[in-house]
Amino acid sequence: MFLSKLFGFLGKNLAMDLGTANTLLYTAKDGIVLNEPSVVAIDNREGKIIAVGREAKEYMGRTPGKIRAIRPLKDGVIADFEVTREMISFFIRKVITGLNIVKPRIVICVPTGITQVEKRAVIESAQQAGAREVRLVEEPMAAAIGAGLPIEQPIGNMVVDIGGGTTEVAVISLSAVAYAESVRVAGDELNESIQRYFQDQFQMLIGENTAERIKIAIGSAWPLSEQLTMEVSGKNLVNGTPTSITVTDGHIREAIQEPVSVIVRATRTALEKTPPELVGDIARNGLLLAGGGALLKGLDRLIAKETQLHVIIDEDPLTTVVRGTGKTMADETTFKAVFIN
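Quick summary incoming for the structure in this document. (Residues numbered from 1 in each chain as written. Predicted model: local features only at pLDDT ≥ 70, side-chain atom pairs only at ≥ 80, totals over all residues. Heavy atoms only, no water.)

The subject of this paragraph is the overall build of the protein chain. Summing up its helical and strand segments, the protein chain has 12 helices and 18 strands in all. Over its C-alpha atoms the protein chain spans a radius of gyration of 21 Å, differing by no more than 12% from the 20 Å that the globule rule assigns to 341 residues. Residues counted as buried form 54% of the 341 residues belonging to the protein chain. In the protein chain, 62% of the contacts between residues at least 6 apart in sequence involve partners at least 24 apart. Of the roughly 15400 Å² of accessible surface on the protein chain, 49% is carried by carbon and sulfur atoms. A gap of 5 Å separates the mean positions of the 37 positive and 41 negative side-chain charges of the protein chain. (Helix = DSSP H or I, 4+ residues; strand = E, 2+ residues; numbered from the N terminus. Rg over C-alpha atoms; globule rule 2.2 N^0.38 Å. Buried < 20%, exposed > 50% of the residue type's maximum accessible area, 1.4 Å probe, protein only. Contact = heavy atoms within 4.5 Å. Areas by Shrake-Rupley, 256 points an atom, 1.4 Å probe, with all protein chains shown as cover. Lys, Arg positive; Asp, Glu negative; His and termini not counted. Charge placed at Lys NZ, Arg CZ, Asp CG, Glu CD.)

As structure tokens, then:
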């Protein structure tokens, strides 16, 4: 059984969406084989990693002094090289048994605004984690491919990919990015805005995981037809005692208004700087929303109002990028032009 699985991976490729919030791995044969939070828990005394992924995320906000749970990527790029390397290695080993024998080729998607130094950090992390070859593709390009847009044609395709650390806005034509706008405001900034709002408005401290749950449950960028409410527990900022309050979608809409406005402005800026022929194509074909941020209730309606465009949310926005990365990996001849390294 082991040898069968091992030789089944020989010569195979892996596609990786190395995200600030989540890391996904994809193979041509099995599709998405891993989807875990990009979080690592470390024992401070020994410098030893004790948990990675979903288990480590449960540690966030709950660790004693001897343990810290961290995200080794920030704003879509590597903030801690060594921890990122260990995290990538853990995820690859979870997918491929016997990594010391099997050296996979990996295609990794990266933000459009990534620097040469950051590119090198991504490549070296993957190589030291066991990859025999690493190629890079830009996230909005991968999203467009994953959604099945006709990127190889002389037609303007617009993608807004809202991840955990960055929002990537790109106009794509002839397998190249005609214009791109990258802002380091996305899902994480929405969570932080909710935390600040609770602190300022209710004198209440809540953790990052709680803020994320609130965002998913009742967060919205546009007024909803029915009011949503949620009871939230936290710590009283004045006396340190446990407290709970009930908040509405209106509270959370107010809390995230600023970062949502940044995302909308980036989209409008990209349109303003795009050649008119391509804008005409986008007006006819619409704008694609991808990434976890695309699931924010009413965001498509807000962007449609501000841009006067038809906004389409991909059928599975959380996996659009890794599916597109997987397609480039499976057919490198067709998608040769999209690789950036």
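Moving on: the packing of helix 6 (residues 187-202) against helix 7 (residues 208-218). Between two packed helices, the angle of one axis relative to the other and the distance separating the axes together describe the packing. Closest axis-to-axis distance for the helix 6/helix 7 pair is 9 Å, and the angle between their directions is 105°. Considered as vectors, helix 6 and helix 7 are oriented roughly perpendicular to each other. On helix 7, the residues that touch Gly-187, Leu-190, Asn-191, Ile-194, Gln-195 and Phe-198 of helix 6 are Glu-208, Ala-211, Glu-212, Ile-214 and Lys-215. Among the residues making up the contact of helix 6 with helix 7, the classes are represented as five nonpolar, three polar and three charged. (Axes fitted to C-alpha atoms, helices over the stretch in contact; angles between N-to-C directions. Parallel < 35°, antiparallel > 145°, perpendicular 65-115°, else oblique. Nonpolar A, V, L, I, M, F, W, Y, C, P; charged D, E, K, R; others polar.)

Turning our attention to the pattern of salt bridges. Under the definition given, this model contains 18 salt bridges. Where Arg-71 meets Glu-208, a salt bridge forms, and the shortest distance between an N and an O atom there is 3.1 Å. Taken as a pair, Arg-71 in the loop between strand 6 (67-70) and strand 7 (73-74) and Glu-208 in helix 7 lie far apart in primary sequence, 137 residues in all. Overall, Glu-208 belongs to the partly exposed group, its relative accessible area being 28%. Residue Arg-85 is joined to Glu-82 by a salt bridge in which the shortest nitrogen-to-oxygen separation is 2.7 Å. In this pair, Arg-85 and Glu-82 are both assigned in helix 3 (residues 81-95), three residues apart and thus about one turn of the helix distant. (Salt bridge = Lys/Arg side-chain N within 4 Å of Asp/Glu carboxyl O.)

Moving on, we get to the nonpolar core. One finds Met-158, Ile-194, Phe-198 and Val-260 to be the most contacted residues of the largest nonpolar core, which totals 42 residues. In this structure, this core is formed jointly by two domains, domain 2 (151-185 + 256-318) and domain 3 (188-255), each of which donates at least three residues. Not counting residues up to four positions away in its chain, the partners in contact with Val-260 are Leu-190, Ala-221, Leu-296, Leu-299 and Leu-302. Residues Val-52, Val-77, Ile-92 and Ala-131 belong to the second largest nonpolar core, which totals 31 residues. (Core = buried A, V, L, I, M, F, W, Y, C linked by side-chain atoms within 4.5 Å. Domains from an automatic or database assignment.)

Moving on to the environment of Gly-324. With respect to the secondary-structure elements, Gly-324 resides in helix 12 (residues 320-330). Separated by 161 residues in the primary sequence, Gly-324 and Gly-163 have C-alpha atoms spaced 15 Å apart. With near-sequence residues (within four places) excluded, Gly-324 lies in contact with Ala-142, Ile-145 and Gly-146.

Next up on the list: the pairing of strand 12 (residues 167-173). Burial runs high along strand 12: seven of the seven residues are buried. The two faces of strand 12 match: Thr-167, Val-169, Val-171 and Ser-173 on one face and Glu-168, Ala-170 and Ile-172 on the other face are all buried. Looking at chain direction, strand 11 (residues 157-162) and strand 12 are connected through six bridges and run antiparallel. Bridge assignment links Asp-161 to a residue of strand 12, and that residue is Glu-168. In this structure, the hairpin formed by strand 11 and strand 12 is closed by a connection of four residues. Sheet analysis places strand 12 next to strand 13 (residues 176-183), joined by seven bridges and oriented antiparallel. The residue bridging Thr-167 from the neighbouring strand is Val-183, located in strand 13. (Pairing = 2+ DSSP bridges.)

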